[in-house]
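One-letter residues, chain by chain:
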Amino acid sequence: MKLVRGAWKILVGIKDALVLAAMLLFFGILFAALAAKPSPATIRNGALVLDLNGSIVEQPAEVDPVTAFAGGSAPVNEFRLRDLVRALDTAKDDDRVKVVVLDLDSFTGGYPAALNEVAEAVRRVRDAKKPVLAYATGYTDAGYRLAANASEIWMNPMGGTLFTGPGGSQLYYKGLIDRLGVNAHIYRVGKYKSFVEPYTRSDQSPEAKEASKALYGVIFDQWKQAIAKARPKAKFDPLLMTPDAVVGAAQGDIAKSNLDAGIVDKLAPRIDFDKRVAEIAGSDANKPAGNFNTIKYANYLAANPLPTSGDAIGVLTVAGEIIDGKANAGTAGGDTIAKAVLDGLAKKKLKALVVRVDSPGGSALASETIRRAILEAKAQKLPVVVSMGSVAASGGYWVATAGDVIFAEPTTITGSIGIFGIIPTFENTLAKIGVTSDGVRTTPMSGQPDVVGGTTPEVDRVLQAGIEHGYRQFLTRVAGARKLTVERVDEIAQGRVWDGGTARQLGLVDRFGTLKDAIDEAAKRAKLDPAKVHAVYLEKEPGWLAKLAAQWGGDEDEEEAGGDVFARISGDRKAVFARAVGDMQRLTRTSSIQARCLECVGMGPALPSRDDLRVMDLLLARFTK
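Keep in mind the model is a prediction, meaning the values are calculated, not measured. (Residues numbered from 1 in each chain as written. Predicted model: local features only at pLDDT ≥ 70, side-chain atom pairs only at ≥ 80, totals over all residues. Heavy atoms only, no water.)

A.B. asks: Tell me about the packing of helix 14 (residues 334–347) against helix 15 (residues 364–379), residues and numbers included.
C.D. replies: Between two packed helices, both the angle of their axes relative to each other and the distance between the axes serve to describe the pair. It is the contact of helix 14 with helix 15, at a shortest axis distance of 8 Å, that shows an interaxial angle of 5°. The angle between helix 14 and helix 15 places the two elements in the roughly parallel class. Within the contact between the two elements, helix 14 uses G334, D335, I337, A338, V341, L342 and L345 and helix 15 uses A366, T369, I370, A373, I374, E376 and A377. Across the contact of helix 14 with helix 15, the residue classes tally to 10 nonpolar, two polar and two charged. (Axes fitted to C-alpha atoms, helices over the stretch in contact; angles between N-to-C directions. Helix = DSSP H or I, 4+ residues; strand = E, 2+ residues; numbered from the N terminus. Parallel < 35°, antiparallel > 145°, perpendicular 65-115°, else oblique. Contact = heavy atoms within 4.5 Å. Nonpolar A, V, L, I, M, F, W, Y, C, P; charged D, E, K, R; others polar.)

What follows is the structure, encoded as structure tokens:
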């Protein structure tokens with residue numbers, strides 16, 4: 001009996017301990033959430049600090065709380081483009097903001113169009129006679145695009161900046177696929193549709209090289225022109241074209257070569273930079289040297305919310321990969337976005353609709369689902385204006401055909417009008433381990449597509465015919481929207497990617513302009529005063545738990561993101577491995593006709609997706625035990 005009572009006491013003790021642990025965890029999370037919540041009341045005179053320890057995106061991806069709290073790679077920080085621009089434009093006229101600080105030590109970049117928009121906002125602050133100070137151990141091409149517009153560019157003397165320009169290596173998996181015995185059945189239309197090439201070739205096709213050279217050349221020229229305008233006295237051409245000679249002449253001191261060329265204004269450690277900021281923003285004498293009065297970015301946004309007066313212009317965001325079904329923010333789920341449109345039309349009393357597209361494409365079915373939902377706005381006699389962000393290609397352009405007018409930036413990446421489908425089969429893989437397949441077919445389609453036995457010629461012809469039909473649909477959508485013949489669209493399509501300037505010349509884009517310009521145009525088309533409208537964003541904001549999860553991952557990856565040249569190379573190794581793992585996963589899971597752009601990936605931040613990092617973590621955990 002004593003044994004039973006003792007066991008019972010142990011069980012009760014375990015239960016009480018678990019309940020206590022759960023309560024402590026709950027209140028710990030609650031406290032962290034309350035502590036992390038932005039506080040508008042704390043805005044006082046000081047320096048607005050933009051610590052850009054991540055990338056600039058159109059719509060930050062929502063972090064899965066379960067995954068974040070369970071461990072794994074820290075989430076990659078993402079900063080919403082329109083929030084950064086709003087903060088900078090507000091700060092330039094805010095007397096409380098004495099100086100704007102750009103901390104670019106861990107900045108991982110953004111697409112050219114997004115960088116240009118933020119850079120122009122930085123310039124507006126400087127033109128308003130308000131100091132902007134930038135700091136980094138070493139600037140990337142993307143980071144320097146922002147820093148070039150600062151009043152003072154500081155850099156750590158132990159660091160250094162080397163510009164690279166767009167381009168570089170792309171991973172190709174044909175050799176690996178052949179070694180594994182995987183048979184990748186590719187169905188596509190468009191000689192420039194290069195997204196499938198990594199699975200069918202061991203190198204880049206001449207057509208893909210031709211298109212990439214043209215695109216990268218235009219984007220790079222625009223970058224150089226912008227830098228020259230912002231820093232007219234800087235001698236950055238030698239550092240671009242003959243970096244070895246420049247660095248060699250400085251006896252290997254990259255930082256000194258940057259200073260001599262006028263790339264940066266001051267070489268100093270972080271504490272000296274902080275003291276300089278303190279001279280302008282003020283400091284607390286009771287705190288250690290280097291402190292300064294700080295205005296936190298999140299608090300500043302909270303203190304300056306979006307306007308809500310006037311008539312409502314709906315803004316629908318189509319950001320990230322376009323997929324079938326539902327998805328959280330940062331990925332364009334066809335059903336999720338269609339529902340957002342229909343709910344907005346039913347409940348928000350919208351006067352017009354602006355469709356903000358920032359996507360390299362994805363599922364053709366989901367793209368059509370979104371396009372059909374947008375057409376409901378037209379059915380209600382609402383003007384529909386499309387605003388292309390950094391990238392609106394393939395499925396992103398498919399969605400754009402629903403607009404009455406299309407805005408883009410000169411550096412917007414668009415076009416890529418073409419589609420494809422991939423079906424991997426594993427008959428050769430199984431044969432390597434002695435596994436074969438056999439059976440009885442009543443028709444050529446029986447058991448097809450057969451992932452263990454391979455496809456039949458009849459199935460291949462049927463699927464290719466379906467892809468060609470989908471391509472004709474794409475051409476027809478574009479021709480009708482752009483008032484061009486199908487034959488003309490076919491000439492400029494074929495999966496080729498264009499910069500925004502060339503796309504405008506070809507008739508794929510109507511005007512240059514930002515999201516704000518598109519909203520103003522939508523107001524005018526609705527016969528409203530642009531100064532008396534406000535934007536209603538038709539998107540679901542992440543819940544407080546997801547916001548907390550975004551901060552849960554800690555700072556372990558931030559150290560890898562910054563640092564000198566060697567530290568960045570170390571970080572790139574991890575990114576390349578994670579991307580390779582993710583690409584192989586995408587080969588096996590692609591399940592629908594795709595309208596997606598490969599070149600678009602190379603122009604954005606050189607980062608793997610959160611899913612890629614998660615899969616990499618699982619593999620490393622499995623093979624490093």
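A.B. asks: Explain the environment of S363 residue by residue, including any values.
C.D. replies: Mapped onto the elements, S363 comes out in strand 14 (residues 361–363). In this structure the C-alpha to C-alpha distance between S363 and A595, which are 232 residues apart in sequence, comes to 6.0 Å. Only 3.1 Å separates the side chain of S363 from the backbone nitrogen of A366, close enough to count as a polar contact. (Polar contact = N/O pair within 3.5 Å; in protein donor to acceptor, adjacent residues only side chain to side chain.)

A.B. asks: So what about helix 4 (residues 112–127)? Which residues, and what values?
C.D. replies: For helix 4, which comprises 16 residues, the first-to-last C-alpha distance of 22 Å matches the rise-based estimate of 22 Å (1.5 Å per residue) to within 8%. Looking only at helix 4, the buried set comprises P112, A113, A114, L115, E117, V118, A119, A121, V122 and V125. Looking one or two residues past helix 4, K129 carries a phi angle of roughly 65°, positive in sign. (Expected span 1.5 Å × (residues − 1). Buried < 20%, exposed > 50% of the residue type's maximum accessible area, 1.4 Å probe, protein only.)

A.B. asks: If you had to explain the confidence of the model for the chain to someone new, which residues and values would you point to?
C.D. replies: For the chain, the average pLDDT comes to 86, and 79% of its residues sit at 70 or higher. Confidence over residues 553–561 falls short of pLDDT 50; this stretch has 18 contacts with residues more than four positions distant or in other chains. (pLDDT = per-residue confidence, 0-100.)

A.B. asks: Break down the sheet that holds strand 8 (residues 266–267) for me, citing the residues and quoting the values.
C.D. replies: A sheet is described by the order of its strands in space; here six strands give the open sequence 8-6-5-4-1-9, paired in parallel fashion. Edge positions in the sheet fall to strand 8 and strand 9 (294–296), since each of these pairs with one other strand and no more. Bridge count between strand 4 (residues 97–103) and strand 5 (residues 132–136): four bridges; the pairing is parallel. Among the inter-strand pairings, L102 is bridged to a residue of strand 5, identified as A134. Its contacts with the sheet put helix 3 (residues 81–91) on strand 1 (46–51) and strand 4, and the angle it makes with strand 1 is roughly 160°. Contacts from helix 12 (residues 270–281) reach strand 1, strand 4, strand 5 and strand 6 (152–155), with the element oriented near 160° to strand 4. (Pairing = 2+ DSSP bridges.)

A.B. asks: Any details on the environment of G110? Residues and values, ideally.
C.D. replies: Looking at where G110 falls in the secondary structure, it is placed in the loop between strand 4 and helix 4. Owing to a relative accessible area of 8%, G110 belongs among the buried residues under this scheme. With 32 residues separating them along the chain, G110 and E78 place their C-alpha atoms 9.7 Å apart.

A.B. asks: Any chance you could break down the packing of aromatic side chains for me, citing the residues and the numbers?
C.D. replies: Per the stated rule, a full pass over the model turns up 11 aromatic pairs. Relative to F420, the ring of F195 lies with its centre 5.3 Å away and its plane at 20°, an arrangement referred to as stacked. In this pair, F195 sits in the loop between strand 7 (183–189) and helix 7 (197–200) while F420 sits in strand 18 (residues 419–425), placing the two residues 225 residues apart along the sequence. What makes F195 buried here is its relative accessible area of 12%. Aromatic ring contacts, followed pair by pair, group Y139, Y144, F163, F220, W223 and F236 into a single cluster. Across the ring face of F220, the terminal group of K224 is positioned such that the distance to the ring centre comes to 4.7 Å. (Phe/Tyr/Trp six-rings, centres within 6.5 Å; stacked < 30°, edge-to-face > 60°. Lys NZ or Arg CZ within 6 Å of the ring centre and 35° of its normal.)

A.B. asks: Pulling in residues and values, what's your account of the pairing of strand 13 (residues 350–359)?
C.D. replies: With nine of 10 residues buried, strand 13 lies mostly within the body of the structure. As defined by bridge partners, strand 10 (residues 311–319) adjoins strand 13 across eight bridges and the pair is classed as parallel. Paired with L316 across the two strands is V355, which belongs to strand 13. Bridge count for strand 13 against strand 15 (residues 384–393) is six bridges, and the pairing is parallel. Directly across from V354, in strand 15, lies its bridge partner V385.

A.B. asks: I'd like to hear about the packing of helix 3 against helix 4, residue by residue, with values.
C.D. replies: Orientation of helix 3 relative to helix 4, taken along the N-to-C sense of each, is 10°, at an axis distance of 9 Å. By the angle between their directions, the pair helix 3 and helix 4 is classed as roughly parallel. Together, L81, L84, V85, L88 and D89 of helix 3 and A114, E117, V118, A121, V122, R124 and V125 of helix 4 make up the contact between the two elements. When the residues that make up the contact of helix 3 with helix 4 are grouped by side-chain class, the tally is nine nonpolar, no polar and three charged.

A.B. asks: Residue-level account of the nonpolar core, with values.
C.D. replies: Counting 54 residues, the largest nonpolar core has L316, V318, V355, I374 and M388 as the members making the most contacts within it. Excluding anything up to four places from it in sequence, M388 contacts R356, V357, Y397, A400, I406, F407, A408, E409, T412, T414 and V509. F79, L81, V132 and Y300 belong to the second-largest nonpolar core, a separate cluster that totals 53 residues. (Core = buried A, V, L, I, M, F, W, Y, C linked by side-chain atoms within 4.5 Å.)

A.B. asks: So, the pairing of strand 6: which residues are in play, and what are the values?
C.D. replies: Neither face of strand 6 is open: one carries E152 and W154, the other I153 and M155, and all of them are buried. As defined by bridge partners, strand 5 adjoins strand 6 across four bridges and the pair is classed as parallel. Looking at strand 6, one finds that A136 is bridged to M155. The parallel pair strand 5 and strand 6 is bridged by helix 5 (residues 141–147), and the resulting crossover is right-handed. Of the pairings in the sheet, the one linking strand 6 to strand 8 comprises two bridges and is parallel in character. Bridging across to strand 8, W154 finds its partner in K266. (Right-handed = clockwise from strand over helix to strand, strands pointing away.)

A.B. asks: Lay out the environment of A465 with the relevant residues and their values.
C.D. replies: Structurally, A465 can be placed in helix 18 (residues 457–482). Using a relative accessible area of 38% as the deciding quantity, one classes A465 as partly exposed. Measuring from C-alpha to C-alpha, the distance between A465 and V189 comes to 10.0 Å, with 276 residues separating the pair along the chain.

A.B. asks: Just give me the short version of helix 12, but keep the residues and values in it.
C.D. replies: In this model, helix 12 (12 residues) spans 16 Å end to end at C-alpha, consistent with the 16 Å of a helix rising 1.5 Å per residue. Among all positions in helix 12, only F273, D274, V277, A278 and A281 are buried. Within helix 12, the buried residues cover an arc of 145° as seen down the axis, which keeps them to one side. Just beyond helix 12, the residue with positive phi is G282, at close to 90°. (Arc of directions from axis to C-beta.)

A.B. asks: I'd like a rundown of the pattern of salt bridges, residues and numbers included.
C.D. replies: Two side chains of opposite charge can pair, provided their charged atoms sit close to one another. Across all of its chains, the model carries 30 salt bridges by this definition. A salt bridge links R80 to D83, with the shortest nitrogen-to-oxygen separation between them at 3.3 Å. Like R80, the residue D83 is buried in the burial classification. For the salt bridge of R482 with D510, the shortest nitrogen-to-oxygen distance reads 2.6 Å. A residue pair is termed long-range when its members are at least 10 positions apart, and R482 in helix 18 and D510 in the loop between helix 20 (500–506) and strand 20 (511–512) qualify at 28 residues. Judged by relative accessible area, which is 10%, R482 ranks as buried. (Salt bridge = Lys/Arg side-chain N within 4 Å of Asp/Glu carboxyl O.)

A.B. asks: I'd like to hear about unusual backbone geometry, residue by residue, with values.
C.D. replies: Cis geometry is found at the peptide bond from Q448 to P449, where omega equals -5°. Relative to the elements of secondary structure, P449 occurs in the loop between helix 17 (427–432) and helix 18. Positive phi values are uncommon outside glycine, yet S416 reaches one of about 55°. With respect to the helices and strands, the residue S416 is situated in the loop between strand 17 (413–415) and strand 18.

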